[in-house]
Amino acid sequence: MPFKTLHFSSPRHLSSLYAGREENLVHAERVLGVKFVTRDDWLKIDAPAAPLANAEAFFGFLDQARAQGMTIRTPDFHRLADTFARGEGDALNALLEQPLVIATNRKTIVPKTLGQKLYLQSMLAHPVVFGIGPAGTGKTYLAMAAAVSALLKNEVERVILTRPAVEAGEALGFLPGDLREKILPYLRPLYDALHDMLDAEDVARLSAKGVIEIAPLAYMRGRTLSRAFIVLDEAQNTTPEQMMMFLTRLGEDSRMVITGDITQIDLPRSKQSGLLEVRHILADVPGIDFHTFSGADVVRHPLVQKIIAAYEAYRHPDHDGHGTEEKP
């Protein structure tokens, strides 16, 4: 049987390409139809000619991604191996040939993982993108960065950032202050991210002109949003009715990104999450893409990833925790 031996600069270099986990190589062997042998700084591939070439191209892609400064995590490795197994490696190579850098007034934002890069690429390629996963994966921050960048490049005329104010509900009237003061706490995280990308004066000026709008989801009802980049955050706290209402606001030349964490649902137990439901309804609709992050995609403090992993281990499949499992 034909074989090929790939050499790398060090054992650590080689290990970084498969996230240092032998089980990842086992997965790649299964889906690519090859046999891997690793020792020190080399990788031997045993396979018939076509699968061997595909596996070699796969590791060439991983090495190039690493050279561009990206960290390869287990979810990235599995996703990419599956993509090469489907014969779609050329499309991924094109992804690396088009470096993704998001420039805003205050900083330049570069994806830190392949998962983030694929997520950004999806936002460029699809009018509607869902980013689903735990805190710390960059799903909301990158969506807002893409929105601000599109505005600065005149690709859209306005940016709309929204969240469902679940906790407010009927109790909103009992909170002190005017309406703006009452809803501000629910929108504060969006303001914080926005000020990270634009000068405070620009945020104030563009907000006053209505070019940037940050508002509760309820404010979207009855509107058609054209030439806009719309980001819905905390989408796990939308009801199915709210999710449908939001998605049908999409107007001409607009783009939408919907982000959420299905393990953090704050809705009453009697209400279904619109984010859980929508994946079953729209999964096969052209123009809509679902990008799922996992705890291994977390790019915050390393301890955050360990905390998420511990919670995921605790929430085993038969656990009846609210919001931890996807309903059929």
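Conventions used here
- Residues numbered from 1 in each chain as written.
- Predicted model: local features only at pLDDT ≥ 70, side-chain atom pairs only at ≥ 80, totals over all residues.
- Heavy atoms only, no water.
- Helix = DSSP H or I, 4+ residues; strand = E, 2+ residues; numbered from the N terminus.
- Contact = heavy atoms within 4.5 Å.
- Phe/Tyr/Trp six-rings, centres within 6.5 Å; stacked < 30°, edge-to-face > 60°.
- Buried < 20%, exposed > 50% of the residue type's maximum accessible area, 1.4 Å probe, protein only.
- Lys NZ or Arg CZ within 6 Å of the ring centre and 35° of its normal.
- Core = buried A, V, L, I, M, F, W, Y, C linked by side-chain atoms within 4.5 Å.
- Pairing = 2+ DSSP bridges.
- Axes fitted to C-alpha atoms, helices over the stretch in contact; angles between N-to-C directions.
- Salt bridge = Lys/Arg side-chain N within 4 Å of Asp/Glu carboxyl O.
- pLDDT = per-residue confidence, 0-100.
- Expected span 1.5 Å × (residues − 1).

Asks: Can you break down the side chain of Asp 46 residue by residue, with the values?
Replies: With respect to the element layout, Asp 46 can be found in strand β3 (residues 42-46). Contact partners of Asp 46, with chain neighbours within four places excluded, come to Met 1, Pro 2, Phe 3, Val 34 and Lys 35.

Asks: Go over the packing of aromatic side chains with me, naming the residues and quoting the values.
Replies: The tally for this structure, following the rule as stated, stands at eight aromatic pairs. Measuring from centroid to centroid gives 5.4 Å for Phe 36 and Phe 59, while their planes differ by 75°, and the two rings are edge-to-face. Taken together, the positions of Phe 36 in strand β2 (residues 35-39) and Phe 59 in helix α3 (residues 49-67) put the pair 23 residues apart, joining distant regions of the chain. In this structure, Phe 36 and Phe 59 share a single accessibility class: buried. Between Tyr 119 and Phe 293 the ring centres are 5.2 Å apart and the planes differ by 80°, which places this aromatic pair in the edge-to-face class. With Tyr 119 in helix α6 (residues 114-125) and Phe 293 in the loop between β11 (288-292) and α12 (302-314), this residue pair connects regions lying 174 residues apart in the sequence. Here the aromatic cluster, defined as three or more aromatic residues joined through ring pairs, consists of Phe 36, Phe 58, Phe 59, Phe 61, Phe 77 and Phe 84. For Lys 44, the ring lying beneath its charged end belongs to Phe 3, and the centroid distance is 4.8 Å.

Asks: Please provide a residue-by-residue account of the nonpolar core, values included.
Replies: Counting 34 residues, the largest nonpolar core has Tyr 119, Met 123, Leu 161, Leu 194, Ile 212, Ile 214 and Phe 229 as its most contacted members. Formed by 30 residues, the second largest nonpolar core is a distinct cluster that contains Phe 36, Leu 43, Phe 59 and Leu 80.

Asks: Which residues make up the sheet that holds β3, and what are the values?
Replies: In spatial order, the strands read β1-β3-β2; together these three strands make up an open sheet with antiparallel pairing. With partners counted over all chains shown, the strands left at the sheet margins are β1 (3-7) and β2, one partner each. Averaged over all pairs of adjacent strands, the angle between their axes in this sheet comes to 20°, without regard to strand direction. In terms of strand pairing, β1 meets β3 through five bridges, oriented antiparallel. Paired with Leu 6 across the strands is Leu 43, a residue of β3. Strands β1, β2 and β3 of the sheet are contacted by α3, whose axis makes an angle of about 10° with β1.

Asks: Tell me what's going on with the environment of Leu 250, and back it up with residues and numbers.
Replies: For Leu 250, the position within the fold is in the loop between α10 (240-247) and β10 (255-260). With sequence-adjacent residues up to four places away left out, Leu 250 is seen in contact with Val 128, Leu 225, Arg 255 and Met 256.

Asks: Got a sec to walk through the pattern of salt bridges? Specific residues and values, please.
Replies: Applying the stated criterion across every chain, the model contains twelve salt bridges. In this structure, Lys 44 and Asp 46 form a salt bridge, with 3.9 Å as the shortest nitrogen-oxygen distance. A relative accessible area of 17% places Asp 46 in the buried class. A salt bridge links Arg 205 to Asp 202, with the shortest nitrogen-to-oxygen separation between them at 3.1 Å. Of the two residues, Arg 205 and Asp 202 both sit in helix α9 (residues 200-208), three residues apart, roughly one turn of that helix. When salt bridges with common partners are traced through the structure, they connect Lys 153, Glu 155 and Arg 255 into a single cluster.

Asks: Give a description of helix α2 (residues 22-32) that names residues and reports values.
Replies: For α2, the complete set of buried residues consists of Asn 24, Leu 25, His 27, Ala 28, Glu 29 and Leu 32. Tucked inside the fold, the buried residues of α2 contact β2, α3 and α4 (74-85). Directly after α2, the chain includes Gly 33, whose backbone phi takes a positive value near 75°.

Asks: How would you explain the confidence of the model for the protein chain if you had to name every residue and give the values?
Replies: Taken over all residues, the pLDDT of the protein chain has a mean of 84, while the share at 70 or more is 86%. Between residues 167-176, whose pLDDT stays under 50, and residues either more than four places distant or in other chains, the model counts eleven contacts.

Asks: Describe α4, with residues and values.
Replies: Taking 1.5 Å of rise per residue, twelve residues should cover 16 Å, and α4 covers 16 Å from first to last C-alpha, within 8% of that figure. The set of residues buried in α4 consists of Pro 75, Asp 76, Phe 77, Leu 80, Ala 81, Thr 83 and Phe 84.

Asks: Just give me the short version of unusual backbone geometry, but keep the residues and values in it.
Replies: Glycine aside, residues mostly have negative phi angles, and peptide bonds mostly take the trans form. Not every positive phi belongs to a glycine, and Asp 40 is a case in point at roughly 55°. Note that Asp 40 resides in the loop between β2 and β3. We classify Asp 40 as exposed; its relative accessible area is 57%. One non-glycine residue, Asn 154, adopts positive backbone phi at about 60°. Relative to the helices and strands, Asn 154 resides in the loop between α7 (139-152) and β7 (158-163). For Asn 154, a relative accessible area of 60% corresponds to the exposed category.

Asks: Can you break down the sheet that holds β10 residue by residue, with the values?
Replies: Strands in a sheet are paired, the pairing made by backbone hydrogen bonds, and the direction either parallel or antiparallel. The strand order across the open sheet formed by six strands is β8-β7-β9-β10-β6-β11, and the pairing between neighbours is parallel. Where the open sheet ends on each side, the last strands, each with one partner, are β8 (212-216) and β11. Direction aside, neighbouring strands of the sheet carry axes that sit 15° apart on average. Relative to β11, strand β6 (residues 128-132) is paired through five bridges, and the arrangement is parallel. Across the sheet, residue Val 129 finds its bridge partner in β11, namely Asp 289.

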